[in-house]
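Residue-level structure breakdown
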Amino acid sequence: MADLLTTPLNALHRELGAKMVPFAGYDMPVQYPAGVMKEHLHCRAKAGLFDVSHMGQVILRAPGGYAQAASEMEALVPVDLLGLGEMRQRYGFFTNDQGGILDDLMLANRGDHMFVVINAACKAGDIAHMRAHLPGCEVEEITDRALLALQGPAAEAVLDALVPGAAEMRFMDVAILPSEFGELWISRSGYTGEDGYEISVSDAQAEALARALLAHDDVEPIGLGARDSLRLEAGLCLYGHDIDETTTPVEASLIWGIQKVRRAGGAREGGFPGAERILDEMANGAARARVGLRPEGRAPMREGTQLFENAEGGAAVGQVTSGAYGPTIEAPMSMGYLPRPLATEGTVIYGEVRGKRMPVKVAKLPFTPANFKR
């Protein structure tokens with residue numbers, strides 16, 4: 001454990017009784033004494049506080065300001081960044097020459113520069129990728145700020161009481177707001193399907209901010225276990241599991257993340273790695289698709305479960321990429337990839353669990369409706 005990195009909230013997690021596990025090279029809380037089920041339901045009902053300080057925070061600056069940074073970044077992602085409004089953010093993904101996904105990320109227009117949030121496990125690779133391919137940009141990794149997520153229907157009232165102005169933000173707005181915890185970099189977004197915020201705060205003030213948020217009766221700390229079940233209910237991908245270098249955005253059902261201007265016939269069509277394959281799949285369909293899966297019975301079908309077209313015989317046609325019990329839906333849920341002819345809602349296929357094929361139905365995503373404040 002000695003070589004694990006820690007976040008500025010490590011001591012607080014331990015004080016709160018967290019069970020700590022290694023995750024993406026960091027010592028992180030997987031659950032608190034309440035347990036995954038209660039943490040999950042509390043976040044859906046009120047508000048949960050997550051430590052996501054392991055994620056990468058990066059600022060891109062260029063002599064030509066945001067427009068230059070956006071123009072250069074558009075050569076790496078199939079996203080409309082030049083058309084992104086000031087103090088707004090978008091979801092995007094780095095693609096490779098084969099059309100696969102190198103990482104998914106959030107990209108924000110902060111006026112004279114771009115702010116980017118990247119996944120912890122891909123942090124070093126993403127930063128090297130940007131430094132290699134954004135020749136006109138200074139790529140600054142922010143290493144002295146923590147990142148907290150406050151998620152759930154009570155998040156707005158709780159945060160606005162501490163940081164006036166937070167309630168005025170809408171889904172995917174970003175803001176830089178003063179507070180008694182120093183300057184906060186806030187986005188109204190998250191990874192639970194609930195309304196909420198992600199808050200970048202200086203390392204020195206992170207624990208004080210976390211304690212102030214947790215002092216509210218509606219806020220409980222939430223670990224990685226419930227973070228996973230919440231995002232899975234919301235139908236959101238986890239990099240390295242549901243998406244990776246071998247999955248295209250079309251296969252992954254993420255074409256909503258590719259704006260019209262970057263699609264075939266758009267003003268800035270293509271021009272990103274793997275564009276030929278991705279645009280072809282958008283026109284003609286991909287061979288396989290990411291789908292929601294609802295196993296019959298109570299047992300979840302976990303990552304790696306092989307999927308078959310029939311109850312007996314035949315080779316596997318796909319596999320589960322994420323699976324867990326859904327506390328909100330009170331049933332097991334999974335996501336995985338299937339050939340397109342089988343990827344229609346209501347189709348019954350079979351997952352092999354402990355040598356026995358069990359029926360599982362292709363289901364609509366998300367499993368629980370999103371509650372974003374648009």
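Look a little higher up for the structure.
Residues numbered from 1 in each chain as written. Predicted model: local features only at pLDDT ≥ 70, side-chain atom pairs only at ≥ 80, totals over all residues. Heavy atoms only, no water.

Moving on to the sheet that holds strand S14 (residues 288-295). Taking strand neighbours around the barrel as the criterion, the six strands line up as S14-S17-S16-S15-S18-S19 in a closed arrangement whose pairing is antiparallel. Across the sheet, the mean angle from the axis of one strand to that of its neighbour is 45°, orientation sign disregarded. The pairing of strand S15 (residues 306-308) with strand S18 (residues 348-353) spans two bridges and is classified as antiparallel. Opposite Leu 307, over in S18, you have Gly 351 as the bridge partner. Each of strand S16 (318-326) and strand S17 (331-339) is contacted by helix H7 (residues 224-233), which is oriented at about 115° to S16, the strand it contacts most. (Pairing = 2+ DSSP bridges. Helix = DSSP H or I, 4+ residues; strand = E, 2+ residues; numbered from the N terminus. Axes fitted to C-alpha atoms, helices over the stretch in contact; angles between N-to-C directions. Contact = heavy atoms within 4.5 Å.)

Below, the discussion takes up empty space enclosed by the protein. Across all of its chains, the model carries four cavities of 30 Å³ or more by this definition. Roughly 120 Å³ of internal volume is contained in the largest cavity. Residue lining of the largest cavity: 15 residues in total, with Gln 89, Phe 115, Val 117, Ile 186 and Ser 187 positioned closest to the centre. Contributions of two or more residues to the lining of the largest cavity are made by strand S6 (101-109), strand S7 (114-118), strand S10 (174-177), strand S11 (184-187) and strand S12 (196-202). Across the lining of the largest cavity, the residue classes break down as 10 nonpolar, three polar and two charged. Its boundaries defined by the atoms lining it, the second largest cavity holds a volume of some 60 Å³. Only helix H1 (10-15), strand S3 (47-51) and helix H6 (203-214) provide two or more residues apiece to the lining of the second largest cavity. Considering only residue class, the lining of the second largest cavity consists of nine nonpolar, one polar and one charged. (1 Å grid on protein atoms, 1.4 Å probe; cavity = no way out; pocket = protein on both sides within 12 Å on 5 of 7 lines; lining within 4 Å. Points joined across faces, edges and corners; volume = space filled by probe spheres on them. Nonpolar A, V, L, I, M, F, W, Y, C, P; charged D, E, K, R; others polar.)

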